[in-house]
Amino acid sequence: MAAHLPTILVLPGGGYSRLAPHEGKPVAEWLRSIGWNSRVVEYPVGTKHPAPLLAIQSEIAKERALGAPLVGVLGFSAGGHLAGHAAVAPLAKPEERPDFAVLGYPVVTMTGETHAESRENLIGLDANQFLREDTSLDLLVTPATPPMFIWHTAADKPVPVEAHSYPLAAALAAARVRHELHIFSDGKHGLGLANGTPAEAWQSLCEIWLSSLR
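Residues numbered from 1 in each chain as written. Predicted model: local features only at pLDDT ≥ 70, side-chain atom pairs only at ≥ 80, totals over all residues. Heavy atoms only, no water.

1. What to know about the pattern of salt bridges
Point 1. In the structure shown here, the tally under the stated rule is 5 salt bridges.
Point 2. Here Glu117 ties to Arg18 by a salt bridge, and the two come within 2.9 Å at their closest N and O atoms. Taken together, the residues span a long stretch of sequence, with Glu117 in helix α4 (residues 116-122) and Arg18 in the loop between β1 (7-11) and α1 (25-33) at a distance of 99 residues.
Point 3. Classification of Glu117 by relative accessible area gives partly exposed; the value is 28%.
Point 4. Note that Glu59 and Arg39 form a salt bridge whose closest N and O atoms lie 2.6 Å from each other. Of this pair, Glu59 sits in helix α2 (residues 51-65) while Arg39 sits in strand β2 (residues 37-40), and the two are 20 residues apart along the sequence.
Point 5. Under the relative-accessibility criterion, Glu59 is labelled buried at 15%. (Salt bridge = Lys/Arg side-chain N within 4 Å of Asp/Glu carboxyl O. Helix = DSSP H or I, 4+ residues; strand = E, 2+ residues; numbered from the N terminus. Buried < 20%, exposed > 50% of the residue type's maximum accessible area, 1.4 Å probe, protein only.)

Structure representation (structure tokens):
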């Protein structure tokens, strides 16, 4: 991969227990087709926080060391949580933080109504309130948070938009962080590229947004 080009690291979902294939390689291929370097990061699953976060932070720093002028992250569901976490982690070194994040139907909160599988695998169902808040993206947003593009469907039952993407967008707006939020009326959880569905429009919307960052 040519290191001097802007790079997007792809993080598939899978509840922090597996990596969904359709949210990995096909997405990286699409990103390359629109002019970005891209590769899938096989971050550790079945292991507790902070192992996944440390892994993606290391990969971001690696791309910067290779000379990539921009390093972004794109993730789905639990991978969206991880991509977002990399963007908002309070103790990250500058070289470990992405320049932007694209989140597809992301798991956002570990408090209240959350995605039980992701929470169990990442922090455990018996995690204390501090750890739950420390891994809830909407609670970690600051004015220094990098730009975000978020998309979700209103019909998503495993990760309801009102408990996840809406609170994140509200936090970004309150902190005056540049962001876009697109909600599609139909579509189940885990669409990936969403080819052949109304939500497929996220691709063209995201391509326009990405082009504005370069």
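2. What about the nonpolar core?
Point 1. If you look at the biggest cluster of nonpolar residues, it comprises 38 residues, and the most contacted ones within it are Ile56, Val141, Met148 and Leu168.
Point 2. At the level of secondary structure, the elements contributing two or more residues to this core comprise β1, α2, β3 (71-76), α3 (78-88), β4 (100-104), β5 (148-153) and α6 (165-174).
Point 3. The element best represented in this core is α3, accounting for 6 residues.
Point 4. Dropping the residues within four chain positions of it, Met148 is found in contact with Gly84, Ala87, Val88, Ala101, Leu103, Leu168, Leu172, Arg178, His179, Glu180 and Trp209.
Point 5. In terms of nonpolar packing, the next biggest core, distinct from the first, is built from 26 residues, Ile8, Leu31, Phe100 and Leu210 among them. (Core = buried A, V, L, I, M, F, W, Y, C linked by side-chain atoms within 4.5 Å. Contact = heavy atoms within 4.5 Å.)

3. Considering the sheet that holds β3
Sheet strands pair via backbone hydrogen bonds, and the direction of the pair is either parallel or antiparallel.
Point 1. Read from one edge of the open sheet, 6 strands run β2-β1-β3-β4-β5-β6, paired in parallel fashion. Looking along the sheet, the strands with just one partner apiece sit at the ends: β2 and β6 (179-184). Sheet twist, expressed as the average angle between the axes of neighbouring strands with direction ignored, equals 15°.
Point 2. In this structure, β4 lies alongside β5, joined through 4 bridges in parallel fashion. Bridged to Leu103 within β5 is Ile150.
Point 3. In the packing of α3 onto the sheet, contacts are made with β1, β3, β4 and β5, and the angle to β3 comes to roughly 150°.
Point 4. On the sheet, α6 packs against β4, β5 and β6 and is oriented at approximately 155° with respect to β6. (Pairing = 2+ DSSP bridges. Axes fitted to C-alpha atoms, helices over the stretch in contact; angles between N-to-C directions.)

4. Structural notes on the pairing of β6
Point 1. In the sheet, β5 pairs with β6 via 6 bridges, with the strands oriented parallel. Within the sheet, the bridge partner assigned to Trp151 lies in β6 and is His182.

5. Structural notes on the packing of α2 against α3
Point 1. For the pair α2 and α3, interaxial distance at closest approach is 10 Å and the crossing angle is 65°. On the basis of the axis angle, α2 is roughly perpendicular to α3. α2 and α3 meet at a crossing whose hand is right-handed. Taking contact as the criterion, the partners of Pro52, Leu53, Ile56 and Ile60 in α2 are, on α3, Leu82, His85 and Ala86.
Point 2. Its residues assigned to classes, the contact of α2 with α3 comprises 6 nonpolar, 1 polar and no charged. (Parallel < 35°, antiparallel > 145°, perpendicular 65-115°, else oblique. Left-handed = near helix turned anticlockwise from the far one by under 90°. Nonpolar A, V, L, I, M, F, W, Y, C, P; charged D, E, K, R; others polar.)

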